[in-house]
Amino acid sequence: MSKDTQFDSWEVFMQSRPGANFIHQGSVHASDKKMAIQNARDTYSRRGEGTSIWVVPSNAIAASTTEDADMLFDPANDKIFRLPTFYTMPEGAKHI
Amino acid sequence: MTQQEALFQYTLRLGDTSLIHAQRLSEWCSNGPILEEDLALTNFALDFIGRSQVLLTYAGALEGKGRTDDMLAYRRNERQYFNCLLAELPNGDFGVTMVRLLFLAAFEKELFTALQNSEDETLAALAKKTLKEVRYHLEHAADWVIRLGNGTEESHARVQKAVNELWMFTGDMFDMDETDKLLIAADIAVDLSTIKTKWDNYISGVLEAANLQQPTSSYMQSGSKNAIHTEYLGHLLGEMQYLQLAYPYAKW
């Protein structure tokens, strides 16, 4: 097997304005935290969007597998009473 | 020389250095060591082009002969260019490009910090705006030089070679002539002797952190203030100006 010459992979999250959620943008390669932030800035914030950047080593993220998708998500789909639209609005309740 | 003529010359120097450095960095497009660095280098090139556009437009206005930024960029030969020598030197390997950026950005940081207080409002405003990007360029370059210096045996040897080879071109940035003296007296230009010590201290610090030897040779190549360049500038302009020379007034 050939040796991997790439730097480590980092996931990039950016905040578009103060107080907003950090949204996943993609990933970059970098050898350390500081380089990861600089590379994230140059790759995903080239036109000035954003107020803050998070970078996280990709291998620090715990991810569910696609095989588990049925187990994790399906049970919710066939129980319509889990959804707010299942319930009729009481008459006279205006501000719900 | 009138003050207006001196200011034209001064602005041209700043604009030319920015433009020629931009052209060099843009040569990295699609050749960067990794995708992220490719984007960073071409991003920097765009910063420098933006800066040169403002400066060359202003220079054209000061000259008052109706020359636009494009005319100044594409219709002058190397003996009419006043960029500092460092900016025109070939990219070499990635280490050379980073050391060149380090030397230039460290100079620009001090220059534009001081230029914020210029009596010339346009230059003062540009300096203020430019400092933000210069800070980023400098940090990026310094981080890389430190990383390469402390990296492998090969990266250390290469970046040390880059420092040794570029060193003799650093003095040219600080050369001053009548243009500078006239404008310093009017509180427009920066007295470069005052920022030299700061540059020296900063660069010594980075080289030390990078475990690199500062060259001891004191010979400095000068010439850019008189538009005397290395053999590399002509070739660079040949490529940069090709389209306008082959198809004058071409637009797209």
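Residues numbered from 1 in each chain as written. Chains lettered and ligands numbered in written order. Predicted model: local features only at pLDDT ≥ 70, side-chain atom pairs only at ≥ 80, totals over all residues. Heavy atoms only, no water.

**A closer look at the confidence of the model for chain A**
Note the threshold: Confidence per residue, as judged by the predictor, is encoded in pLDDT with a range of 0 to 100. Here a strand is any run of E in DSSP of at least two residues, a helix any run of H or I of at least four, and the numbering for each starts at the N terminus.
For chain A, mean pLDDT is 85; residues scoring 70 or higher make up 91% of the total. When pLDDT is averaged over each element of chain A, strand S3 (residues 52-57) of chain A comes out on top at 96 and helix H2 (residues 69-73) of chain A at the bottom at 79.

**Remarks on the pattern of salt bridges**
As a reminder, the rule being used: Throughout this description, the term salt bridge denotes a Lys or Arg side-chain nitrogen within 4 Å of a carboxyl oxygen of Asp or Glu. Note on exposure labels: buried denotes an accessible area under 20% of the residue type's maximum, exposed denotes more than 50%, and partly exposed covers the range between, all computed with a 1.4 Å probe on protein chains only.
By the definition in use, this model includes 15 salt bridges over all chains. Two residues, Arg-76 of chain B and Asp-16 of chain B, come together in a salt bridge whose shortest N-O distance is 2.7 Å. Taken together, the positions of Arg-76 of chain B in the loop between helix H3 (69-74) and helix H4 (85-88) and Asp-16 of chain B in helix H1 (residues 3-26) put the pair 60 residues apart, joining distant regions of the chain. Each member of the pair Arg-76 of chain B and Asp-16 of chain B is classed as buried. Between Arg-51 of chain B and Glu-133 of chain B there is a salt bridge whose closest N-O contact spans 3.4 Å. With Arg-51 of chain B in helix H2 (residues 35-63) and Glu-133 of chain B in helix H6 (residues 121-149), this residue pair connects regions lying 82 residues apart in the sequence. Taken individually, Arg-51 of chain B and Glu-133 of chain B each receive the classification buried, so the pair is uniform in this respect. By sharing partners, the salt bridges in this structure join Lys-34 of chain A together with Glu-139 and Asp-143 of chain B into a single network.

**Things to note about the layout of surface pockets**
All names here are of chain B. Spelled out, the test is: Put simply, the grid is 1 Å and covers the protein atoms alone, a cavity is a trapped set of points that fit a 1.4 Å probe, a pocket is an open set with protein on both sides within 12 Å along at least five of seven lines, and lining residues have an atom within 4 Å of a point. Grid points are joined across faces, edges and corners, and a volume is the space filled by probe spheres set on the points. By the convention adopted, Pro, Cys, Tyr, Trp, Phe, Met, Ile, Leu, Val and Ala count as nonpolar, Lys, Arg, Asp and Glu as charged, and the other residues, Gly among them, as polar.
Computed from the structure, the second largest pocket encloses a volume of approximately 510 Å³. At the level of elements, helix H5 (94-115), H6 and helix H7 (153-167) are the ones that each hand at least two residues to the lining of the second largest pocket. Considering each element in turn, the lining of the second largest pocket owes the most residues, four residues, to H7. By residue class, the composition of the lining of the second largest pocket is seven nonpolar, six polar and four charged.

**A closer look at H1 of chain B**
Definition in use: A helix is expected to reach a length of 1.5 Å times the quantity of its residues less one.
Over its 24 residues, H1 of chain B extends 34 Å from the first C-alpha to the last, a length consistent with the 34 Å expected when each residue adds 1.5 Å. For H1 of chain B, the tally of buried residues reaches 20 of 24 residues, placing the bulk of the element in the interior.

**Comments concerning empty space enclosed by the protein**
Residue and element names in this part refer to chain B. Going through the model one piece at a time under the given rule, you end up with one cavity of 30 Å³ or more. Size it by volume and the largest cavity reaches roughly 240 Å³. Lining the largest cavity are 16 residues, and of these Arg-13, Leu-14, Thr-17, Phe-107 and Leu-111 sit closest to its centre. Of all the elements in the fold, those that place two or more residues in the lining of the largest cavity are H1 and H5. The element that contributes the greatest number of residues to the lining of the largest cavity is H1, accounting for five residues.

**Some details on the side chain of Gln-38 of chain A**
With respect to the helices, strands and loops of the structure, Gln-38 of chain A is situated in helix H1 (residues 33-44). Take Gln-38 of chain A: its relative accessible area is 4%, and that puts it in the buried class.

**Notes on the environment of Ser-16 of chain A**
All names here are of chain A. Rules: In what follows, a contact means two residues having at least one pair of non-hydrogen atoms within 4.5 Å.
If you trace the backbone, Ser-16 turns up in the loop between strand S1 (8-15) and strand S2 (22-30). Sequence separation between Ser-16 and His-29 is 13 residues; the distance between their C-alpha atoms is 22 Å. Beyond its immediate stretch of four places on either side in the chain, Ser-16 contacts Gly-50 and Thr-51.

**Points about the pairing of S2 of chain A**
Defined as follows: By this definition, two strands are paired if DSSP reports at least two bridges between them.
The pairing of S1 of chain A with S2 of chain A spans eight bridges and is classified as antiparallel. The residue of S2 of chain A that forms the bridge with Asp-8 of chain A is Ala-30 of chain A.

**Section: the sheet that holds S2 of chain A**
Residue and element names in this part refer to chain A. Note the following rule: An axis is simply a line fitted to the C-alpha atoms; with a helix, the fit covers only the stretch in contact. Between two such axes, the angle follows the N-to-C directions and lies from 0 to 180 degrees.
Read across the sheet, three strands follow the order S2-S1-S3 without closing on themselves; strand pairing throughout is antiparallel. The sheet is open, and its two borders are formed by S2 and S3, each paired with just one other strand. The mean angle between the axes of side-by-side strands here comes to 30 degrees, regardless of whether they run parallel or antiparallel. Packed on one face of the sheet, H1 meets S1, S2 and S3 and runs near 115 degrees to S2.

**As for the packing of aromatic side chains**
Residues and elements named next belong to chain B. Basically, it comes down to this: Pairing of aromatic rings covers Phe, Tyr and the six-membered ring of Trp, with a centre-to-centre limit of 6.5 Å; geometry is then stacked below 30 degrees between planes, edge-to-face above 60, and tilted otherwise. A ring has a charge above it when a Lys NZ or an Arg CZ is no more than 6 Å from the ring centre and no more than 35 degrees off the ring normal.
Going through the model one piece at a time under the given rule, you end up with nine aromatic pairs over all chains. On the numbers, 5.0 Å between centres and 90 degrees between planes, the contact of Phe-94 with Trp-144 is edge-to-face. Placement of the pair is Phe-94 in helix H5 and Trp-144 in helix H6, with a sequence separation of 50 residues. Here Phe-94 matches Trp-144 in class, with each residue buried. Ring centres 5.5 Å apart and planes at 70 degrees place the aromatic pair Phe-174 and Trp-199 in the edge-to-face group. Remark: Trp-199 occurs in helix H10 (residues 192-209) and Phe-174 occurs in helix H8 (residues 171-174); sequence separation between them is 25 residues. For the pair Phe-174 and Trp-199, one class covers both residues: buried. A cation over a ring is seen here: Arg-76 above Tyr-81, with NZ or CZ 4.1 Å from the ring centre. It is Arg-147 that lies over the ring of Trp-144; its NZ or CZ is 4.6 Å from the centre.

**Thoughts on the interface of chain A and chain B**
To keep it simple, the criterion reads: Buried area is understood as the total, over both parts, of accessible area removed when two parts are fitted together, assessed with a 1.4 Å probe. Under this definition, polar contacts are N or O atom pairs within 3.5 Å; protein pairs additionally need one hydrogen-donor-capable and one acceptor-capable atom, and for neighbouring residues in sequence, both atoms have to be side-chain atoms.
Taken residue by residue, the interface counts 14 residues in chain A and 13 residues in chain B. A combined buried area of about 1,300 Å² lies between chain A and chain B, and 45% of that area is made up of carbon and sulfur atoms. Taken as a group, Gln-38, Asp-42 and Arg-46 of chain A account for 40% of the area that chain A buries against chain B, more than any other trio of residues on that side. Measuring nitrogen to oxygen at the nearest pair gives 3.5 Å for the salt bridge that ties Arg-147 of chain B to Asp-32 of chain A. Between chain A and chain B we count eight residue pairs in polar contact (both at pLDDT 80 or more) in total. Contributing elements (two or more residues each) for the side of chain A that touches chain B: S2 and H1 of chain A. If one sorts the elements of the side of chain A that touches chain B by residue count, H1 of chain A sits on top with seven residues.

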